[in-house]
Amino acid sequence: MPGLALAIVPHPVAKQPPDRIGEIAETVFPDLVHLLETDATVLAAEGRARDVPRKSRLRYNSLFEGNFNAPDASPTLKAPDGWDAVNRLFYQRGWTDGLPIVLPTPERYEKMLAATGLDPAVEIGKVEPRLGMATVGKIAVNAIMAGCEPAHLPVVVAAVRAMIQPQFNLKALQCTTHPVTVMTLVNGPIAHELDINATYNCMGQGALANAVIGRAVRLVLNNIGGATPGVLDRSTQGSPAKYAFCFAENEAENPWSPLHVERGFAPGDSTVTVFGVEGPHNVNEHFGATAEDVLLTVAGVLATPGTNNSYLGGETLIVLGPEHAALIARENLTKDDVKQFMIDRAIIPSHHIGPGQRRTFMERLPHRVIGPNAEGGMHMASDKADIIVAVAGGAGRHSCLMPSFGTTRAVTVKIGG
């Protein structure tokens, strides 16, 4: 787009003091005046001659080269011979997550669609931020690349349908500097049918279904949504969870209702819930003898000023290990009791709140501030709707927390619904 009126604003701008913002404005102001006053044909000529700065370590050449979401894009690509050559080509075009892929050949594509009976032309919806249209066919291609078997495809399709809902706020999740990822939690009979791990190491390596479903979701985010690292995905450091983050709830050892039932679905329904969260933060609690002991440690891990939830609100996901869940339930405490405990006891101490954050807390969430100028600290939550409780993992006195991006809400959909 050589005629695009484009001015380069020096980075970073966010959180700069006023004098620095003034310097940036002075730098870019002449370019803005030039763009506003110059004839469009002259701007087009200048644009064609513009030397676009590139970072040598990034493998793509532009936002537009090889965009198979373009309206005139060919539905097929004649690739070079050999697995190594195709992987090299896909990597160079930015179509992978950096790991080798399974080649999406016509034979594999037709086999996957035939086995599931899904219509490749069905449009699920547009994926932010590039607004590529996620058809069943395009999702299937990315699922093949991730290593999915045909039985996994309906789960991936459901995850895509969930993450494009407005309340999930996918555009922000895809473009932020925050290390957020899309986490997929599976409930219901399909978790057992597909052997989606819900017990030991369920958030780690070793389970095919967890790995390939989570990876397929990531490839959809990259290839249809356009979240190319360093271009539209601006995550400062990222997270290993951005490769693949999928597991099932351990319903067999959950002393309460499974998450999908709590969210209005029948026990026999198979569902996917997507969350916009960070990677898991471990809660090590080996010594407590009571529910209060365990919950105090959970609250202590939750009460940190370094998460988006501290100043943006929003949901936090607590995944209790089965041993912790059993100890809590043994005292007849419910999920609601766990949530209320977090509201009451997850408090950031005042000595961990700097002046800038103190002002932010008081401006954005004044009802959570304790005492004048937050002298008594800051509550991490004030509404049970902002805390989600699930159960997963194997034996061992560990649980985990997943803080969210803040301005996002988990979405649950029925698989095949």
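For the structure itself, look to the data block above.
Residues numbered from 1 in each chain as written. Predicted model: local features only at pLDDT ≥ 70, side-chain atom pairs only at ≥ 80, totals over all residues. Heavy atoms only, no water.

(A) Representation of the overall build of the protein within the structure. In terms of helices and strands, the protein carries 15 helices and twelve strands. Compactness check: the protein gives a C-alpha radius of gyration of 24 Å against a globular reference of 22 Å for 417 residues, within 12% of the reference. Seen through its principal axes, the protein has C-alpha atoms that stretch 75 × 60 × 35 Å. Expressed as a percentage of the 417 residues in the protein, the buried residues total 46%. Once local pairs closer than 6 in sequence are excluded, the contacts in the protein between residues at least 24 apart make up 80%. By element, 56% of the accessible surface of the protein is carried by carbon and sulfur atoms, the whole surface being about 20,400 Å². For the protein, the distance from the average position of its 35 positive side-chain charges to the average position of its 41 negative side-chain charges is 4 Å. (Helix = DSSP H or I, 4+ residues; strand = E, 2+ residues; numbered from the N terminus. Rg over C-alpha atoms; globule rule 2.2 N^0.38 Å. Buried < 20%, exposed > 50% of the residue type's maximum accessible area, 1.4 Å probe, protein only. Contact = heavy atoms within 4.5 Å. Areas by Shrake-Rupley, 256 points an atom, 1.4 Å probe, with all protein chains shown as cover. Lys, Arg positive; Asp, Glu negative; His and termini not counted. Charge placed at Lys NZ, Arg CZ, Asp CG, Glu CD.)

(B) A look at the sheet that holds strand β11 (residues 398-403). One open sheet holds the four strands; their spatial order is β6-β11-β7-β10, and the pairing between them is mixed. The outermost strands of the open sheet, each flanked by one partner alone, are β6 (281-284) and β10 (387-391). The sheet shows a mean angle of 25° between the axes of neighbouring strands, taken without regard to direction. Docked against the sheet, helix α11 (residues 291-302) engages β6, β7 (316-320) and β11, running at close to 150° with respect to β6. (Pairing = 2+ DSSP bridges. Axes fitted to C-alpha atoms, helices over the stretch in contact; angles between N-to-C directions.)

(C) A look at the sheet that holds strand β5 (residues 271-277). The four strands are arranged β4-β3-β5-β12 in an open sheet whose pairing can be described as mixed. Each of the sheet's edge strands pairs with one partner strand only, and the pair in question is β4 (246-248) and β12 (411-414). In this sheet, neighbouring strand axes are inclined to one another by 25° on average, regardless of whether the strands run parallel or antiparallel. Each of β3 (181-187), β5 and β12 is contacted by helix α6 (residues 153-163), which is oriented at about 50° to β5, the strand it contacts most. Here helix α9 (residues 208-223) sits on the sheet in contact with β3 and β4, set at roughly 140° to β3.

(D) Summary view of the packing of helix α5 (residues 136-146) against α6. One can describe the packing of α5 onto α6 by two numbers: an axis separation of 10 Å at closest approach and a directional angle of 120°. Classified by the angle between their axes, α5 and α6 sit oblique to one another. α5 and α6 meet at a crossing whose hand is right-handed. Facing α5, whose interface residues are I139, A140 and A143, α6 presents L153, V156, V157 and V160. (Parallel < 35°, antiparallel > 145°, perpendicular 65-115°, else oblique. Left-handed = near helix turned anticlockwise from the far one by under 90°.)

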